[in-house]
Number of protein chains: 2
Amino acid sequence: MARRRRREKRSVSAVQQLPWRSLSNPYAPIEVLSAQQVVDIVDGALAILATQGMRFLEEGSRRFMQQAGADVDDDTMMVRLDPSMVREKVAMAPETFTLAARNPEKNLSLGHNSIVFSSVGGPAFCSDLKKGRRPGTYAELCDFFKLVQSLNIIHQEGGGGFEPMDLPPETRHLDLYLAQIRYTDKNCQAYALGGQRTADAIDMTCIALQTDRAALAQDPAVLGIINTNSPMQFDIPMTEAVVELANAGQVPCITPFTLAGSMSPATIAGTLVQQTAEVLAVATFTQCLRPGTPIMYGAFASNVDMKSGAPALGTPEYTKAALASGQIARHLGLPFRSSSTTVANCVDAQAAYESEMSIWGAIMGHANLVNHAAGWLEGGLTASFEKLILDAEMLQMMAEFMRPIDVNDDELALDAIAEVQPGGHHFGTAHTLARYETAFYPTMLSDRQNFENFRESGSRDTTTRAHAIWQQLLADYEQPPLDPAVDEALLDFVVRRKAERTTAAG
Amino acid sequence: MARRRRREKRSVSAVQQLPWRSLSNPYAPIEVLSAQQVVDIVDGALAILATQGMRFLEEGSRRFMQQAGADVDDDTMMVRLDPSMVREKVAMAPETFTLAARNPEKNLSLGHNSIVFSSVGGPAFCSDLKKGRRPGTYAELCDFFKLVQSLNIIHQEGGGGFEPMDLPPETRHLDLYLAQIRYTDKNCQAYALGGQRTADAIDMTCIALQTDRAALAQDPAVLGIINTNSPMQFDIPMTEAVVELANAGQVPCITPFTLAGSMSPATIAGTLVQQTAEVLAVATFTQCLRPGTPIMYGAFASNVDMKSGAPALGTPEYTKAALASGQIARHLGLPFRSSSTTVANCVDAQAAYESEMSIWGAIMGHANLVNHAAGWLEGGLTASFEKLILDAEMLQMMAEFMRPIDVNDDELALDAIAEVQPGGHHFGTAHTLARYETAFYPTMLSDRQNFENFRESGSRDTTTRAHAIWQQLLADYEQPPLDPAVDEALLDFVVRRKAERTTAAG
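Computed from a predicted structure; not experimentally measured.

Turning to the pairing of strand 17 (residues 301-304) of chain A, a few remarks are in order. A regular strand places its side chains on the two faces of the sheet in alternate fashion. Residues and elements named next belong to chain A. The pairing of strand 15 (residues 258-260) with strand 17 spans 3 bridges and is parallel. Note on strand 17: the bridge partner recorded for A260 is N303. Sheet topology places strand 17 next to strand 18 (residues 311-312); 2 bridges connect them, and they run antiparallel. From the neighbouring strand, N303 faces strand 18, where its bridge partner is A312. Between the end of strand 17 and the start of strand 18, which pair antiparallel, lie 6 residues, with G309 showing a positive phi angle near 75 degrees.

As structure tokens, then:
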């Protein structure tokens, strides 16, 4: 009875959104580089790896790469790679792969023209219109996950919306994974900082999917973002995460964070060379660890502000670099990851236009994973509840943009055009009535009232409306079913691992 | 001395913007239709014109078209056109043309890959953050024109930012033209409602350019927006404007306003058929009037909101229709006009994302004219001073996006990458220092401060900053030089024509 009442309540929700749907981009990508320019950039990256190399801080990884054929200098910790070795190894990575979700209807395909939108991962703070910007709590993070679950346009949870600061840092990831699995039935990214956190993600995913590591290796479900330490360095926690992921057949999404003018040269071409060199070094490492490991070519190339040296995101340079990165990834035969970004400090017009510049670069660059696609604010320092809604609206619009125009006799509508008197209107035609409710994108957030009604209803701007929408979604939230035995097993795992961590720390 | 002081003041302006520059799109357009689908749509339009025709309300135009070979039914006022006649006539229109500006450095090229951004034209109201939304005055319109002049990214004034409601409607256009010419040296659109207003624009342009109608016909300078009365009707004021423009060798920019589900069928394909039929009917008329008259294929296709029937702009359907319209225009060999639009009632995130969806459709559809590209708000009912600045920022970002990535040895920066230690930074390299100040887009409006500085400096959102920018630009404004004899001749013309209008009315 209670359940039925909740269903009824849901069906009258004021929040209108698109249904869950896998997306692919039917249009040709925008190409900002010629084929020769792509080759020049990749050749530059290979030359860098052959002559200078990349610094691998973790000693075991240097030993391993030496045995695999790399030229290793232990004094400088540089690992030099022959171009033929890089090409041979990277060719072993698949062009496309799938990621399993707890709900099999939400399994993800990554590669070719498919496109996956993930929610923001990693910010230190959270914010909303009423409480402002603040360190977030675990309860608030659980709410954030409920919204990620509720918003159909978000295909994947992005590895933790923000840090739950009321929990101890050494075991926080365990509570985070538990909340991911409990409150969403979507694929969730790992919090891939260090080997143990990554291993815990893999183990808890096995419990959630009621599978084991051997089966998971055949049917991967864990993707971790692997950031290089640009320029040209690969640090120990990330090395450990790659080892855990690759050995388990899970997915390192290799993503240099290059800001042209600080972490990379002050040119887009040079930044793309360096980004490609860093991806290729780690990609080679993954394929030496386990040939055929699914990986992604990740790009997060932008530039610094010329006046202040501050990061600038969602810039024209960012858009061009995203489109170019897609071309490079396709040239290398790797699935491509891009992002939606902004440096705006509040959810306003700048937040929208910088995110749009990012999204267009990602989508028309044929990104297979658009990371941080919903909720990112303030250069990634903050996860915003209102930005989550704003981004979901912008993503829904792009999803609709990717539905091709139907052209057939019925859609060409010559009869309907002939039927309506010149100067008349199409409101009442049979042609219109037959498709009126489904013909066009039904907005979730946009206000299409006229000015008088807008003013009379309180002149609520987009951010204010977004606030009301996420509160409504939380009120309407229904937890996806989870086998109680699985829930119990997850909780047991968390308790046991916390005890081990505490013992290890004590 | 006073002049010198003004120059000095200008050089320290806090408003940083890109220099005036002609733009062209170096990237291939996004194609959302196959070649066959384009043909199907154009064939559908030709079939409509052959079987049903378009209603021409003005009797003289019907007589004229009958003599030119059309099948005219005076009872229904329908003008039917044979497909071969349409194709033959439309082929006479040039694929590209130029528009002269008062400052020859600001002459415009329209066609092929060139792209022109115009300011908003036609709203009934104006608005700004301090005074709100209101009927505007002539003094405020003059300020708006000063901003259009000041913003380098705006290539063309769009035919009057908003109605100066303190002036009598019958002679208002004369004061408007005078202000256009005095306060800007850019090309200005005509207020093309009716024959006399259009003729006045042509005559005043002749005075401003110190030329005559014969020379102007060889070197056009007046573009007028010609809206059909969708569906399938061509009204008397617009017919008169076309006759004036075409006979003078000036440019009718033929633009149906089709909202799928009200003024056109509730499908994108059907809307494109009707839009194309309407453009082709008027295009044929222009080429019968004067073969070789430069014209544009204008698109303003969007959809109604499904729930309310209200106009919806900057929607995914709008973007797809813009891209498809570009394909149709290129198929027909006509320069293409699109727009930047939004139905937002205030300058917020929705205003930004709907405009972005429009701009991306226009630019990647290879629009040659992006009409209403700056200042449009509230479905075109209001010209906003802050939106003008917001749009200018978004347009500048797109202009930078259209600068191709340089790829050469210096830009690939292999030496700079080798020079910097892994984990170090590129701030101080010779490579960075050599290009630091010019390497990246210098934002006019975006705030890239960190959150603490943002908060300390008053948490000013994008719209608040836009307000400060337009006020600064007004303070810095310098009127472009105008020969006093020309100014006097313009004023004489205005006084004489006002007297004639008053006499005619009296």
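Evaluation of the coordinates by the stated rule reveals 29 aromatic pairs over all chains. Centre to centre, the rings of F234(A) and F285(A) are 5.9 Å apart; their planes meet at 80 degrees, and the pair counts as edge-to-face. Pair noted here: F234(A) is in strand 13 (residues 233-234) and F285(A) is in helix 10 (residues 268-289), with a separation of 51 residues, a long-range link. Taken individually, F234(A) and F285(A) each receive the classification buried, so the pair is uniform in this respect. A connected cluster of aromatic rings, assembled from ring pairs, spans Y27(A), W360(A), F401(A), Y27(B), W360(B) and F401(B). Positioned above the aromatic ring of F125(A) is the side chain of R133(A), whose terminal nitrogen or guanidinium carbon lies 4.0 Å from the ring centre.

Residue and element names in this part refer to chain B. Over its 17 residues, helix 13 (residues 385-401) runs 25 Å from end to end, which matches the ideal 24 Å to within 8%, given 1.5 Å per residue. The element helix 13 is extensively covered by neighbouring structure, given that 17 of its 17 residues are classed as buried. Two to three positions downstream of the cap, the backbone nitrogen of E386 sits 3.2 Å from a side-chain oxygen, assigning the N-cap of helix 13 to S384.

Mapping chain B onto chain A calls for a screw motion: a turn of 180 degrees about the axis and a shift of 0.0 Å along it, with 0.0 Å RMSD after fitting. When the rotation and shift are considered jointly, the pair of chain copies conforms to a two-fold rotation axis. When each C-alpha of chain B is compared by its distance to the rotation axis, A349(B) comes out closest, at 2.1 Å. Comparing interface residues between copies, 100% of those in chain B also sit at the interface in chain A, which points to an isologous, same-surface contact.

Pairing between the strands of a sheet comes from backbone hydrogen bonds, and it takes one of two forms, parallel or antiparallel. Residue and element names in this part refer to chain B. With mixed pairing, 4 strands are arranged side by side in an open sheet as 3-4-2-13. Looking at which strands have only one partner, the edges of the open sheet turn out to be strand 3 (71-73) and strand 13 (233-234). Pairing of strand 2 (residues 54-56) with strand 4 (residues 78-80), which is carried by 2 bridges, proceeds in the antiparallel orientation. Residue pairing in the sheet places R55 in a bridge with M78 of strand 4.

It is worth spelling out the environment of I207(B) at this point. Residues and elements named next belong to chain B. Position of I207 among the secondary structure elements: in helix 7 (residues 195-209). Separated by 278 residues in sequence, I207 and A485 place their C-alpha atoms 9.8 Å apart. When neighbours within four sequence positions are excluded, I207 is seen to be in contact with V486, A489, L490 and F493.

How each quantity is defined
- Residues numbered from 1 in each chain as written.
- Chains lettered and ligands numbered in written order.
- Predicted model: local features only at pLDDT ≥ 70, side-chain atom pairs only at ≥ 80, totals over all residues.
- Heavy atoms only, no water.
- Pairing = 2+ DSSP bridges.
- Helix = DSSP H or I, 4+ residues; strand = E, 2+ residues; numbered from the N terminus.
- Phe/Tyr/Trp six-rings, centres within 6.5 Å; stacked < 30°, edge-to-face > 60°.
- Buried < 20%, exposed > 50% of the residue type's maximum accessible area, 1.4 Å probe, protein only.
- Lys NZ or Arg CZ within 6 Å of the ring centre and 35° of its normal.
- Expected span 1.5 Å × (residues − 1).
- Polar contact = N/O pair within 3.5 Å; in protein donor to acceptor, adjacent residues only side chain to side chain.
- Least-squares fit on C-alpha atoms with pLDDT ≥ 70 in both.
- Contact = heavy atoms within 4.5 Å.

Purely geometric stuff here, so don't read any function into it on its own.
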